Amino acid sequence: MVTAGLETTTYTDMAVLEAEHAAIFAKAWQFVGLKRSLANHNDWLTANLGGRSILVQNFDGALNGFRNVCSHRHARLKNEPTGNGLLRCPYHGWTYNHEGVPVGIPGNAEWFGLDRAARCALALPPVAVEICGELVFARLAAEGPSLIEFLGPYYDLLAQVSSTLCVPFTEGAITWGCNWKIGIESAIEGYHLGMIHPDTFRHFVRAVLPASWNGEHSLGPSLLSDTARESLERIEARLGLVRFEVSERYDHYLIFPNLCVTVTAGLTLSLQTYEPIGPDTTRLRYWLLTGASDKPALRDGVMGRAVLGAFGDFNDRVLVEDQRISEEVQAGKAFAPLPPARLGGNEDRIQVFHAAWRRALVGSWPS
């Protein structure tokens with residue numbers, strides 16, 4: 001069955017991106033990082049939620065989130081992905097407490113005269129923060145469904161798999177010259193494997209299975225090829241890795257709007273976020289994790305680093321291949337007028353993604 005995709009202008013128009021920021025990215029729970037990055041007092045991480053920089057910080061064991069902008073002269077408070085230190089502005093040294101209130105203002109008595117009420121009025125706008133297993137999620141909107149409600153039946157799965165496959169071995173960020181939706185669309189269909197990944201991912205799977213979805217989210221499973229399965233089993237045995245489950249599948253989840261989660265043979269966990277930077281620019285952030293090891297000296301030694309490094313290199317090659325074709329699609333979208341894409345039955349996850357996008361833009365998305 002053939003259906004129409006989104007209008008091409010939704011991939012190129014700044015006004016559409018601004019509408020997405022307000023209708024989708026301000027309301028949705030979005031994955032922002034790993035709980036292990038916030039293990040200690042004053043650990044912090046930063047993220048981008050629909051064009052807004054936010055930070056999450058550990059205050060004596062409690063995680064609080066705020067807009068990442070000083071109330072004084074609007075400098076960014078933190079400009080690195082992670083770190084540890086006081087919540088202090090690098091410009092003039094304004095320092096904030098766990099409530100986001102500026103409690104340390106150099107020269108306050110002489111030049112500002114701000115009493116407690118005035119300082120409370122300058123508190124950093126809060127950002128909602130919730131945890132699912134080892135995953136940290138944040139949301140700009142003050143009101144909305146809980147993270148459990150938002151993730152639905154995938155909440156328990158994500159909590160369990162992230163608690164088992166919790167040891168990161170590579171992470172990074174890449175800027176793609178395409179709209180964020182094009183990146184998502186490339187990730188959630190297997191139709192392109194033979195053309196785009198002939199020497200990489202095409203040999204990794206032997207069959208794409210029927211997809212399923214729950215609300216705005218979806219699952220696209222595939223069966224691993226014999227070669228991939230045997231290779232992963234050797235890695236498991238050599239490095240003594242704990243599995244989430246014994247599986248021959250490659251399970252790919254889309255958590256709307258922009259988080260892709262992949263569990264490969266119950267042995268590795270991949271997390272990818274597609275952050276819109278502009279109508280034709282996306283920042284892809286990714287994390288690869290595996291389980292603990294009963295052979296830690298091997299896992300953390302030369303052989304373990306080489307094996308996991310090769311897995312990371314394979315991931316990078318696949319991402320570069322997806323990036324190239326996604327940027328070609330973006331260039332094609334610029335030709336106008338063009339009719340919407342024609343989506344076949346094997347692109348049903350894209351159809352579900354588009355339906356969720358449309359519901360959000362017309363205001364009927366759950367909030």
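Bear in mind the structure is a predicted one, so any value in this text is a computation, not a measurement.

Analysis parameters
Residues numbered from 1 in each chain as written. Predicted model: local features only at pLDDT ≥ 70, side-chain atom pairs only at ≥ 80, totals over all residues. Heavy atoms only, no water. Helix = DSSP H or I, 4+ residues; strand = E, 2+ residues; numbered from the N terminus. 1 Å grid on protein atoms, 1.4 Å probe; cavity = no way out; pocket = protein on both sides within 12 Å on 5 of 7 lines; lining within 4 Å. Points joined across faces, edges and corners; volume = space filled by probe spheres on them. Nonpolar A, V, L, I, M, F, W, Y, C, P; charged D, E, K, R; others polar.

## A closer look at the environment of V352
Link 1 in the chain: If you trace the backbone, V352 turns up in helix 11 (residues 348–361).
Link 2 in the chain: Through-space distance from the C-alpha of V352 to that of E143 is 25 Å; in sequence the pair is 209 residues apart.

## Let's talk about the layout of surface pockets
Link 1 in the chain: In this structure, the largest pocket spans a volume of roughly 690 Å³.
Link 2 in the chain: Along the wall of the largest pocket there are 41 residues; nearest its centre are A187, E189, F201, Y250 and H252.
Link 3 in the chain: In terms of residues, the lining of the largest pocket owes the most to one element, helix 10 (residues 302–333), which gives six residues.
Link 4 in the chain: Forming the walls of the second largest pocket are 23 residues, and the residues nearest its centre are E185, E189, V329, E347 and I350.
Link 5 in the chain: Looking at the lining of the second largest pocket, the elements that each hand over two or more residues are helix 6 (180–187), helix 10 and helix 11.
Link 6 in the chain: When grouped by side-chain class, the residues that make up the lining of the second largest pocket number twelve nonpolar, seven polar and four charged.

## Examining empty space enclosed by the protein
Link 1 in the chain: For the coordinates displayed, the defined rule picks out two cavities of 30 Å³ or more.
Link 2 in the chain: Quantified by volume, the largest cavity comes out at close to 40 Å³.
Link 3 in the chain: Every residue along the wall of the largest cavity is listed here: Q30, F31, V32, A47, N48, L49, N258, T273 and E275.
Link 4 in the chain: Listing elements by their share of the lining of the largest cavity, those giving two or more residues are strand 2 (30–34), strand 3 (43–49) and strand 18 (268–278).
Link 5 in the chain: As a volume, the second largest cavity reaches approximately 30 Å³.
Link 6 in the chain: L232, I235, L241, L267, T268, T290, L308 and F311 are the residues that line the second largest cavity.
Link 7 in the chain: Elements with a minimum of two residues in the lining of the second largest cavity: helix 8 (226–239) and helix 10.
Link 8 in the chain: Split into classes, the residues belonging to the lining of the second largest cavity amount to six nonpolar, two polar and no charged.

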